[in-house]
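Below, each chain spelled out in residue letters.
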Amino acid sequence: LFFLSSTSVFADDISDFSIEGIGIGDSLLDYMTEGEILEKIERTKDWYSYLNEPSKYAHIDLYKDFLTYDSITFMIQNNATNKYVTDKKEKYKILSIRGYKVYSNDFISCKQERNEIVEVLSRMFPDAQKKEQINNFRSDPSGKSIQDLVFFKLDSGAQIDVYCSNFDENFRIKKKWSDGLSVSILSAEIHSWLQSTK
């Protein structure tokens, strides 16, 4: 199951991995223009208002004909207007990457694929802290939208999340979202930021 690639069977950290050939530390400019990146940053600028530093990082989506996933999401440092960062490759360095595959009204198949991925990751990271949990989506007041998650926490503080999202029907239609499978590779700094809720 080639959902990601690694240079070794037992990887030491997330820098050894890529999703659809894109890895942590790559420049987003290799895959999008600066204009496209800035447009995405503007569109998603309010998405993390529940965090202590909501504008510290920026969220960018990329939709194209990928081999495995329907879309890829990136997080980068939100310094697009920072005049002191002159190296554009550094300015748009990828700090997290998530592959998303739609599973409309097929939660069982989603979990089957998730479990296959978890099995592979368990062999790759035998010493990682592995945990399973079911989370409610905080943005759904009904409490019916869930995330069925398995994550691997590495010694570096980085984390790999594999989960299936199953949204309440009314909430899903309202948000124009899709149920599906996510595989996320999070650097230590992004993972820490996402935990810093107000």
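Quick caveat, the model's predicted, so the values are computed rather than measured.

**Things to note about the layout of surface pockets**
Approximately 1,700 Å³ is the volume attributed to the largest pocket. For the lining of the largest pocket, the secondary structure elements donating two or more residues are strand S4 (57-62), strand S5 (71-77), strand S6 (94-102), strand S7 (129-136), strand S8 (146-153), strand S9 (159-166), strand S10 (180-186) and helix H5 (188-194). Top contributing element to the lining of the largest pocket by residue count: S6, with five residues. Residue composition of the lining of the largest pocket, grouped by class: 17 nonpolar, 17 polar and ten charged.

**Things to note about the sheet that holds S5**
To summarise the sheet geometry, strands pair through backbone hydrogen bonds and adopt either a parallel or an antiparallel arrangement. Ordered in space as S4-S5-S6-S10-S9-S8-S7, the seven strands form an open sheet in which the pairing is antiparallel. Each edge of the open sheet is held by one strand with a lone partner, namely S4 and S7. Here the average twist between neighbouring strands, direction ignored, is 15 degrees. Note: S6 against S10, seven bridges, orientation antiparallel. Each residue of the ladder has a partner; that of glycine 99, found in S10, is valine 183. Against the sheet, helix H1 (residues 34-43) makes contact with S4 and S5, and its axis sits at roughly 115 degrees relative to S4, the strand it touches most. Taken strand by strand, helix H3 (residues 107-124) contacts S6, S7, S8, S9 and S10, and its axis lies near 170 degrees from that of S9.

**Observations regarding the pairing of S7**
Burial analysis of S7 places just zero of its eight residues in the buried class, which makes it a mostly uncovered element. The pairing of S7 with S8 spans eight bridges and is classified as antiparallel. Across the sheet, glutamine 129 pairs through a bridge with lysine 153, a residue of S8.

Calculation rules
- Residues numbered from 1 in each chain as written.
- Predicted model: local features only at pLDDT ≥ 70, side-chain atom pairs only at ≥ 80, totals over all residues.
- Heavy atoms only, no water.
- 1 Å grid on protein atoms, 1.4 Å probe; cavity = no way out; pocket = protein on both sides within 12 Å on 5 of 7 lines; lining within 4 Å.
- Points joined across faces, edges and corners; volume = space filled by probe spheres on them.
- Helix = DSSP H or I, 4+ residues; strand = E, 2+ residues; numbered from the N terminus.
- Nonpolar A, V, L, I, M, F, W, Y, C, P; charged D, E, K, R; others polar.
- Pairing = 2+ DSSP bridges.
- Axes fitted to C-alpha atoms, helices over the stretch in contact; angles between N-to-C directions.
- Contact = heavy atoms within 4.5 Å.
- Buried < 20%, exposed > 50% of the residue type's maximum accessible area, 1.4 Å probe, protein only.

By themselves, these are just geometric observations and shouldn't be taken as functional.
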